[in-house]
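Fold and contact review
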Amino acid sequence: QIRSCQALTKNLIAMRIPFQYFHIMTFMLTVNLFFWGYSLAFMDTYWALSTFFFIQLIFIGLRELCAALANPFGTEDVDFPVNVWLDNLTW
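Summary of the structure given here.

**Details of the overall build of the protein**
Check the secondary structure of the protein and you find four helices and zero strands. Starting at the N terminus and walking to the C terminus, you meet the elements of the protein as α-α-α-α. Relative to a compact globule of 91 residues, whose C-alpha radius of gyration would be 12 Å, the protein shows 20 Å and is clearly more extended. The buried share among the 91 residues of the protein stands at 12%. At a minimum sequence separation of 6, the contacts of the protein that also span at least 24 residues come to 53%. Working note: accessible area of the protein is about 7900 Å², and carbon and sulfur atoms make up 71% of it.

**A few points about the nonpolar core**
Counting five residues, the largest nonpolar core is built from Leu-29, Leu-33, Leu-40, Ala-48 and Ile-55. Listing elements by their share of this core, those giving two or more residues are α2 (19-41) and α3 (47-70). Looking at this core, the element that brings in the most residues is α2, giving three residues. With residues up to four places along the chain from it excluded, the contact list for Leu-40 reads Ala-48, Thr-51, Phe-52 and Ile-55.

The rules behind the values
Residues numbered from 1 in each chain as written. Predicted model: local features only at pLDDT ≥ 70, side-chain atom pairs only at ≥ 80, totals over all residues. Heavy atoms only, no water. Helix = DSSP H or I, 4+ residues; strand = E, 2+ residues; numbered from the N terminus. Rg over C-alpha atoms; globule rule 2.2 N^0.38 Å. Buried < 20%, exposed > 50% of the residue type's maximum accessible area, 1.4 Å probe, protein only. Contact = heavy atoms within 4.5 Å. Areas by Shrake-Rupley, 256 points an atom, 1.4 Å probe, with all protein chains shown as cover. Core = buried A, V, L, I, M, F, W, Y, C linked by side-chain atoms within 4.5 Å.

Here it is as structure tokens:
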């Protein structure tokens with residue numbers, strides 16, 4: 001039973017987010033930032049520039065966070081070490 005759970009875990013790790021979903025999300029973010037920029041360009045204040053900068057920073061930061069959380073079992077330093085965890089679980 002432990003081996004089947006390990007195999008299921010390894011199969012779930014190998015599953016990725018479909019490529020089309022990533023491009024749809026990137027397109028929606030680009031359109032959203034375009035409309036924010038377009039609407040803020042017609043404001044008569046200088047605060048619009050800093051507002052757009054922080055909105056862009058937050059949205060692109062959220063996209064990067066989602067990309068990092070989409071694969072928590074990778075090989076980067078911030079990822080969860082699933083192989084070490086599985087080895088320690090079985091011993």
